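Chain residues, written in single-letter form:
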Amino acid sequence: AGKQLQASTLYVLGVTLTNPATGQASPAISISQTGSTAATIAAVAVDPGSGDKAPLYVKAPGFETGRVGQSSSSPAGVNTITVTLQSNLAITASAQVTIEGLVNTRTDDSLAMSVSGCAGIFKSPAGVANQGKWDRAAGRLVVVATSTIAAGTTVSCSFAISNPSGIQ
């Protein structure tokens, strides 16, 4: 025969689950009791808490930090763009990271744009370390992770572009 739970005694159950890859809200959670010789206890909603600690709440994949800064606002000047990012999930090896919207530069397309400050973390889509692919029309730099970047890791990289000749 099984053991009986004692009245007015706190029992704690623990279950290990694997979160899904997509974000989700914490579901409604209830507790009930059936199947004993004692009276059935109807389902009662429990307070799951809120925020990151709520059971089965899963953040949508995204960047916790995403900043872009520049070294120069001078017309036609060389401008070092610095990008800082931190993802809330691992960026796996061979994943592409794209920075875009830096339009109207005077920097020509390049399959081998130098990327500095993050040595060994990124390579170009062609596989060359510390380089990226630059698309002038889209104002886009594409780099590829050389190995997995753990969730919560802050990465900061820089690359140089030529500012437009006049006001945008």
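Relevant structure appears above.
Fair warning: this is a prediction, and the values are worked out from it, not measured in the lab.

## Thoughts on the side chain of Thr105
Along the chain, the position of Thr105 falls in the loop between strand E5 (96-99) and strand E6 (110-114). Look at Thr105 and you get buried, because its relative accessible area is 5%. Beyond its immediate sequence surroundings of up to four residues, Thr105 is in contact with Trp134, Arg136, Ile161 and Ser162.

## Thoughts on the layout of surface pockets
Each pocket or cavity is described by its volume, and for the second largest pocket that value is around 240 Å³. Its residues assigned to classes, the lining of the second largest pocket shows five nonpolar, one polar and no charged.

## Re empty space enclosed by the protein
Overall, the coordinates contain two cavities of 30 Å³ or more when judged by the stated rule. The computed volume of the largest cavity comes to approximately 90 Å³. Forming the boundary of the largest cavity are Val83, Leu85, Val97, Ile99, Val115, Phe122, Leu141, Val143, Val155, Ser156, Cys157 and Phe159. With four residues, the single largest contributor to the lining of the largest cavity is strand E10 (residues 154-162). As a volume, the second largest cavity reaches approximately 30 Å³. Forming the boundary of the second largest cavity are Leu85, Gln86, Ser87, Leu89, Ile91, Ile149, Ala150, Thr153 and Val155. Considering every element that reaches the lining of the second largest cavity, the biggest residue donor is strand E4 (residues 78-87), with three residues. Broken down by class, the residue content of the lining of the second largest cavity amounts to six nonpolar, three polar and no charged.

Conventions used here
- Residues numbered from 1 in each chain as written.
- Predicted model: local features only at pLDDT ≥ 70, side-chain atom pairs only at ≥ 80, totals over all residues.
- Heavy atoms only, no water.
- Helix = DSSP H or I, 4+ residues; strand = E, 2+ residues; numbered from the N terminus.
- Buried < 20%, exposed > 50% of the residue type's maximum accessible area, 1.4 Å probe, protein only.
- Contact = heavy atoms within 4.5 Å.
- 1 Å grid on protein atoms, 1.4 Å probe; cavity = no way out; pocket = protein on both sides within 12 Å on 5 of 7 lines; lining within 4 Å.
- Points joined across faces, edges and corners; volume = space filled by probe spheres on them.
- Nonpolar A, V, L, I, M, F, W, Y, C, P; charged D, E, K, R; others polar.

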